[in-house]
Amino acid sequence: MHVAEVEEPHAGPGEIRITVRASGLSTGETLIRSGALRDVVPVTLPHRTGMEAAGVVDEVGDGVTGVGVGDEVFGMTDPSARGANADYAVLVAWAPRPAAWSWEEAGGAAGGVETATRVLDRLAVGAGHTVLVQGAAGGVGTIAVQLAVARGAAVIGTASEHNHDFLRSLGAVPTTYGPGLAGRVRGLAANGVDAVFDCAGGALPDLIEIVGDAARVVTIAADLTAAAHGVHLSHGAPADRTGTALGAGADPLAVHGLATAVTLADAGRLRVPVAAAFPLDEIAAAHELSETRHARGKIVLVH
Ligand SMILES: NC(=O)c1ccc[n+]([C@@H]2O[C@H](COP(=O)([O-])OP(=O)(O)OC[C@H]3O[C@@H](n4cnc5c(N)ncnc54)[C@H](OP(=O)(O)O)[C@@H]3O)[C@@H](O)[C@H]2O)c1
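Residues numbered from 1 in each chain as written. Predicted model: local features only at pLDDT ≥ 70, side-chain atom pairs only at ≥ 80, totals over all residues. Heavy atoms only, no water.

*Asks:* What's the story with the overall build of the chain in this structure? I'm lost.
*Replies:* A tally of regular secondary structure across the chain gives nine helices and 15 strands. Radius of gyration (C-alpha) of the chain: 18 Å, near the 19 Å computed for a compact globule of 303 residues. Across the 303 residues in the chain, those meeting the buried criterion constitute 50%. Here the analysis covers contacts within the chain between residues at least 6 apart in sequence; of these, 63% occur between residues at least 24 apart. In the structure as shown, the chain presents an accessible area of about 13400 Å², 52% of it carried by carbon and sulfur atoms. (Helix = DSSP H or I, 4+ residues; strand = E, 2+ residues; numbered from the N terminus. Rg over C-alpha atoms; globule rule 2.2 N^0.38 Å. Buried < 20%, exposed > 50% of the residue type's maximum accessible area, 1.4 Å probe, protein only. Contact = heavy atoms within 4.5 Å. Areas by Shrake-Rupley, 256 points an atom, 1.4 Å probe, with all protein chains shown as cover.)

Right under this line is the structure:
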């Protein structure tokens, strides 16, 4: 993995191009890079990385309204095109950069916001519900906790003990993952758990036991046992592609979550905890940190 010169991309119809100030490391890309996902996410080499970025608009494609050259935005690339870890990125969904977010926070926001919104929508999480977020201290989990709290849910989040105060600061009741989880959660959720958002994988039988119904568990981790357990593994594709071979089994990208995130950020109710920020040319080191599976929050690249 290295930084290389390539032809610069341009905004097509319905797209914008930004000069990137910061972009996110998408955790799944470490699995793609290692080859672990070669049977489910085949790629053609050379492969460009990055699905989320923040920066300044410098091209506006045909048909785009409401945004202009010079605006500061954050957003997502087309998941099949990627290329956000670059000087210029073409975005298919975006929102204004909240004043409260640094470039680093904005650059790492869109993927977690979209993913968490997609899963919370599917689980119909709302006021009065109790939600368990497994892997709550990671890039997606930290956003999922805050979005669920903002919906009025009570949230139990799992993480290693040293991250428990951090989870409390996001609004979750913390507990550790691993053996005995069901008993610990029973002790914390007097009226039971309504939904489980699994950001970690590897513990689906325990998670199903906790909620009592596999249909109330959604995982985003590349846990290839999900189907055998009757659990939905959510991955996103643009709404017009979910029925095609490229988007087979995908849920439509929940890009409406970006606007909600701005409202919450402006109200001081959503932050993007940044685990570490690397210069773009140290992207290999950023992947190494991600592969530890213990980054607290989001790993970002600064440009
Ligand atoms: N399908 C999709 O649409 C989609 C979208 C985004 C991400 N993903 C996938 O979702 C997963 C989460 O992504 P992410 O960016 O949040 O990952 P991440 O930031 O790398 O997650 C790190 C967190 O995982 C926790 N963790 C490590 N092992 C765990 C375990 N056995 N059980 C519970 N938690 C554990 C760690 O907690 P402690 O350090 O406290 O132990 C750490 O806070 C990845 O597999 C990623 O590829 C899928």
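Structure shown, so let's carry the discussion forward.
*Asks:* Before we go on, may I ask you to explain the pairing of strand β6 (residues 130–134) in this structure?
*Replies:* Working note: regular strand, side chains alternate between the two faces of the sheet. Burial within β6 is extensive, with five of its five residues counted as buried. Side chains Thr130, Leu132 and Gln134 of β6 all project onto a buried face; the interleaved residues Val131 and Val133 project onto the opposite face, where all are buried too. At this point the chain moves from β6, through helix α4 (residues 139–150), to the parallel strand β7 (residues 154–158), and the crossover so formed is right-handed. Pairing geometry for β6 and strand β9 (residues 195–198), over four bridges, is parallel. Looking at β9, one finds that Gln134 is bridged to Asp198. (Right-handed = clockwise from strand over helix to strand, strands pointing away. Pairing = 2+ DSSP bridges.)

*Asks:* I keep staring at the layout of surface pockets and nothing clicks. Help me out?
*Replies:* The rolling of a water-molecule-sized probe over the atoms marks out the regions of remaining empty space. Considering only enclosed or pocket space, the second largest pocket measures out at about 850 Å³ in volume. Along the wall of the second largest pocket there are 30 residues; nearest its centre are His2, Ala4, His47, Arg48 and Thr49. Sort the elements by how many residues they give to the lining of the second largest pocket and helix α1 (residues 28–34) lands first, with three residues. (1 Å grid on protein atoms, 1.4 Å probe; cavity = no way out; pocket = protein on both sides within 12 Å on 5 of 7 lines; lining within 4 Å. Points joined across faces, edges and corners; volume = space filled by probe spheres on them.)

*Asks:* Where do I start with the environment of Ala137 in this structure?
*Replies:* Its place among the elements puts Ala137 in the loop between β6 and α4. On a C-alpha basis, the gap between Ala137 and Thr242 in space is 29 Å, while along the polypeptide they are 105 residues apart. Among all residues touching Ala137, those that are not within four sequence positions of it are Thr142, Thr158, Ala159, Asn163, Phe166, Leu167, Ala295, Arg296 and Gly297.

*Asks:* Explain the site of the ligand to me, please; I cannot follow it from the model alone.
*Replies:* Close to the ligand lie 23 residues; Thr27, Ser160, Tyr177, Ser234 and His294 are nearest. Contact between the ligand and Thr27: an oxygen atom at 2.5 Å from a side-chain N or O atom of the residue. Contact with the protein chains removes 85% of the 940 Å² of surface that the ligand exposes when unbound. Secondary structure elements with two or more residues in the shell around the ligand: α3 (110–122) and α4. Here the shell around the ligand is built from residues that sort into nine nonpolar, 12 polar and two charged. Of the domains in this structure, domain 1 (16–109 + 272–302) and domain 2 (113–251) are the two that each give at least three residues to the shell around the ligand. (Near = heavy atom within 4 Å. Polar contact = N/O pair within 3.5 Å; in protein donor to acceptor, adjacent residues only side chain to side chain. Nonpolar A, V, L, I, M, F, W, Y, C, P; charged D, E, K, R; others polar. Domains from an automatic or database assignment.)

*Asks:* Just checking my understanding: could you explain the packing of aromatic side chains for this structure?
*Replies:* The geometry of two aromatic rings is summed up by the distance between their centres and the angle between their planes. The final tally for this structure, using the stated rule, is one aromatic pair. Centre to centre, the rings of Phe74 and Trp101 are 5.2 Å apart; their planes meet at 70°, and the pair counts as edge-to-face. Here Phe74 is found in strand β3 (residues 72–76), whereas its partner Trp101 is found in the loop between β5 (93–96) and α2 (103–107), with 27 residues between them in sequence. Residue Phe74 is classed as buried on the basis of its relative accessible area of 0%. (Phe/Tyr/Trp six-rings, centres within 6.5 Å; stacked < 30°, edge-to-face > 60°.)

Purely geometric numbers; function is a separate question.
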